[in-house]
Amino acid sequence: TVNGNLKQALDTPSNVYAVYNSLSNTGVTLTQGNLTGAYSTNDANIRSTLGVSTGKWYWETKFTTGTSTVVGVCNEDVTQATNRAGSAGFYGIQNANTSYAYYRQNGSTGQTSAYPNPVQGNIINFALDLDNSKIYIGINGVYKSQAGATSDIANGTNPFFSSIASSTWFPILEYRGSGTTTDSNFGNGFFG
């Protein structure tokens, strides 16, 4: 007799998926096999166990509670410290108490009136194209550029970020607001 919510993990010794790396943690509380993160202190952040330097990669993060979370990628040169999102070598999107999304781009911050603010329950989609130095960001499967143009990943048009430097890149979370939690999916097919 099976009781509860049974899930089969696709992660095996010969097919390893990323999780968040507790060794690169600056204060994030991890649960659910290091795929659910929660705020414990301001600017707490954590990056994934696996970094990539070539190819095309996809993952998702779901905002479950709170606001002011930055979801993105950082390169191998971004040191383990609070406020990684403010560093050169960091690209991502932040949900905040505004109508529009904030973005973090290689050490600078901006706001785009053409891109909606992600809210609780939204799934942030990341498509990282290191062969063409582009990052595509979607909300619930709808991808747009910073200017609001519809992105076409298959044809390589209208990425959210472009001209990404060659490096090894890691998915990363940074919490900037109390009571914030997220769930990430790097390939196992479910959140939490």
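Look a little higher up for the structure.
Residues numbered from 1 in each chain as written. Predicted model: local features only at pLDDT ≥ 70, side-chain atom pairs only at ≥ 80, totals over all residues. Heavy atoms only, no water.

Visitor: Sorry, what's going on with the overall build of the protein here?
Guide: Across its full length, the protein carries zero helices and 14 strands. The N-to-C order of helical and strand elements in the protein reads β-β-β-β-β-β-β-β-β-β-β-β-β-β. Radius of gyration (C-alpha) of the protein: 16 Å, near the 16 Å computed for a compact globule of 192 residues. Its C-alpha atoms give the protein principal-axis dimensions of roughly 50 × 35 × 30 Å. Among the 192 residues that make up the protein, the fraction classed as buried is 47%. Put simply, of all contacts in the protein between residues at least 6 apart along the chain, 60% involve residues at least 24 apart. Of the roughly 8,800 Å² of accessible surface on the protein, 46% is carried by carbon and sulfur atoms. For the protein, the separation between the mean place of its 9 positive charges and that of its 10 negative charges on side chains is 5 Å. (Helix = DSSP H or I, 4+ residues; strand = E, 2+ residues; numbered from the N terminus. Rg over C-alpha atoms; globule rule 2.2 N^0.38 Å. Buried < 20%, exposed > 50% of the residue type's maximum accessible area, 1.4 Å probe, protein only. Contact = heavy atoms within 4.5 Å. Areas by Shrake-Rupley, 256 points an atom, 1.4 Å probe, with all protein chains shown as cover. Lys, Arg positive; Asp, Glu negative; His and termini not counted. Charge placed at Lys NZ, Arg CZ, Asp CG, Glu CD.)

Visitor: Would you mind showing me how to read the nonpolar core here?
Guide: The tendency in soluble globular proteins is for nonpolar side chains to be buried side by side. Counting residues in each nonpolar core, the largest one holds 31 residues, and the members touching the most others are Ile93, Phe126, Leu128, Ile135, Ile137 and Phe161. Apart from residues lying up to four places away in sequence, Phe126 is in contact with Trp57, Tyr58, Trp59, Val71, Gly72, Ile93, Ile135, Tyr136 and Ile137. Counting residues in hydrophobic clusters, the runner-up holds seven residues, among them Cys74, Ala85, Phe170 and Ile172. (Core = buried A, V, L, I, M, F, W, Y, C linked by side-chain atoms within 4.5 Å.)

Visitor: For this particular structure, what's the right way to read the packing of aromatic side chains?
Guide: Aromatic ring pairs are reported here in terms of the distance separating the ring centres and the angle at which the planes meet. Inspection of every chain in the model, using the stated rule, returns eight aromatic pairs. Ring plane angle 70 degrees and centroid distance 5.3 Å describe the contact between Tyr20 and Phe186, whose orientation is recorded as edge-to-face. Of this pair, Tyr20 sits in the segment before β1 (29-31) while Phe186 sits in the segment after β14 (181-185), and the two are 166 residues apart along the sequence. The buried category is assigned to Tyr20, whose relative accessible area is 0%. Relative accessible area serves as the criterion here: at 12%, Phe186 is assigned to the buried category. Taken together, the ring pairs connect Tyr91, Tyr103, Phe160, Phe161 and Trp169 into an aromatic cluster. Its end group placed over the ring of Phe170, Arg47 keeps NZ or CZ at 3.9 Å from the ring centre. (Phe/Tyr/Trp six-rings, centres within 6.5 Å; stacked < 30°, edge-to-face > 60°. Lys NZ or Arg CZ within 6 Å of the ring centre and 35° of its normal.)

Visitor: Teacher, can you tell me more about the sheet that holds strand β3 (residues 44-47) here?
Guide: Strand pairing in a sheet relies on backbone hydrogen bonds, with the paired strands running either antiparallel or parallel. The six strands lie next to each other as β3-β13-β5-β6-β7-β8, forming an open sheet whose pairing is antiparallel. The open sheet has two edge strands with one neighbour each: β3 and β8 (108-116). Across this sheet, the average inter-strand angle for adjacent strands is 20 degrees, counted without regard to direction. Sheet topology places strand β6 (residues 90-95) next to strand β7 (residues 100-105); four bridges connect them, and they run antiparallel. Note that in β7 the partner of Gln94 across the bridge is Tyr102. (Pairing = 2+ DSSP bridges. Axes fitted to C-alpha atoms, helices over the stretch in contact; angles between N-to-C directions.)

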